[in-house]
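Listed below are the residues making up each chain.
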Amino acid sequence: SPAGMVLSVLVVLLLSVLYEAVKMGKAVLLRRALLALPRSLSHEALTEPQEGEHSDPAQGSPSLMAFLLSFPRWFWFHVGQTLFHVLQVVLGYTVMLAVMSYNAWIFLGAIAGSTLGYFL
């Protein structure tokens, strides 16, 4: 039906816009992760807590939150990048699957969404 086709084209267009947004978000997160890396890339600088954080290895931390906060900041940026990458791959394959239906309107919706997403 024509209404179903219009809805399908709009969904593919929005998925393409979201794909471009995730791609840009991943680039921003990469820049922040690189800024969070210590100047010295020695093993000690990457594993020791940041300045100002006082952690005593003799004291056990009972909470999971204290354990999670003990990781360096760059590690959490890397986790975020990984999640963004998974989302980008899923969206990319979903748009590709829609385009592989060999429908010209779906293809044009994907192209228009990618263009609009990059422009925004």
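Before any of the text, the structure's been laid out above.
Thresholds applied
Residues numbered from 1 in each chain as written. Predicted model: local features only at pLDDT ≥ 70, side-chain atom pairs only at ≥ 80, totals over all residues. Heavy atoms only, no water. Axes fitted to C-alpha atoms, helices over the stretch in contact; angles between N-to-C directions. Helix = DSSP H or I, 4+ residues; strand = E, 2+ residues; numbered from the N terminus. Left-handed = near helix turned anticlockwise from the far one by under 90°. Contact = heavy atoms within 4.5 Å. Nonpolar A, V, L, I, M, F, W, Y, C, P; charged D, E, K, R; others polar. Parallel < 35°, antiparallel > 145°, perpendicular 65-115°, else oblique.

Asker: How should the packing of helix H1 (residues 2-36) against helix H5 (residues 104-119) be read in this particular structure?
Answerer: Helices that pack against each other are described as a pair by the angle of their axes relative to one another and the distance between those axes. One can describe the packing of H1 onto H5 by two numbers: an axis separation of 7 Å at closest approach and a directional angle of 35 degrees. Helix-helix and strand crossings are classified by hand; for H1 and H5 the assignment is right-handed. Contacts between H1 and H5 involve Met5, Ser8, Val9, Val12, Leu13, Ser16, Val17 and Glu20 on the former and, on the latter, Trp105, Ile106, Gly109, Ala110, Ala112, Gly113, Ser114, Leu116, Gly117 and Tyr118. Looking at side-chain class alone, the contact of H1 with H5 contains 11 nonpolar, 6 polar and 1 charged residues.

Asker: What exactly am I supposed to notice about the packing of H1 against helix H4 (residues 73-99) here?
Answerer: Interaxial distance between H1 and H4 falls to 9 Å at its minimum, and their mutual angle equals 160 degrees. Taken together, H1 and H4 sit at an angle that is classed as roughly antiparallel. Like other packed secondary-structure pairs, H1 and H4 cross with a definite hand, here left-handed. For the contact of H1 with H4, a count of residues per class yields 16 nonpolar, 8 polar and 4 charged.

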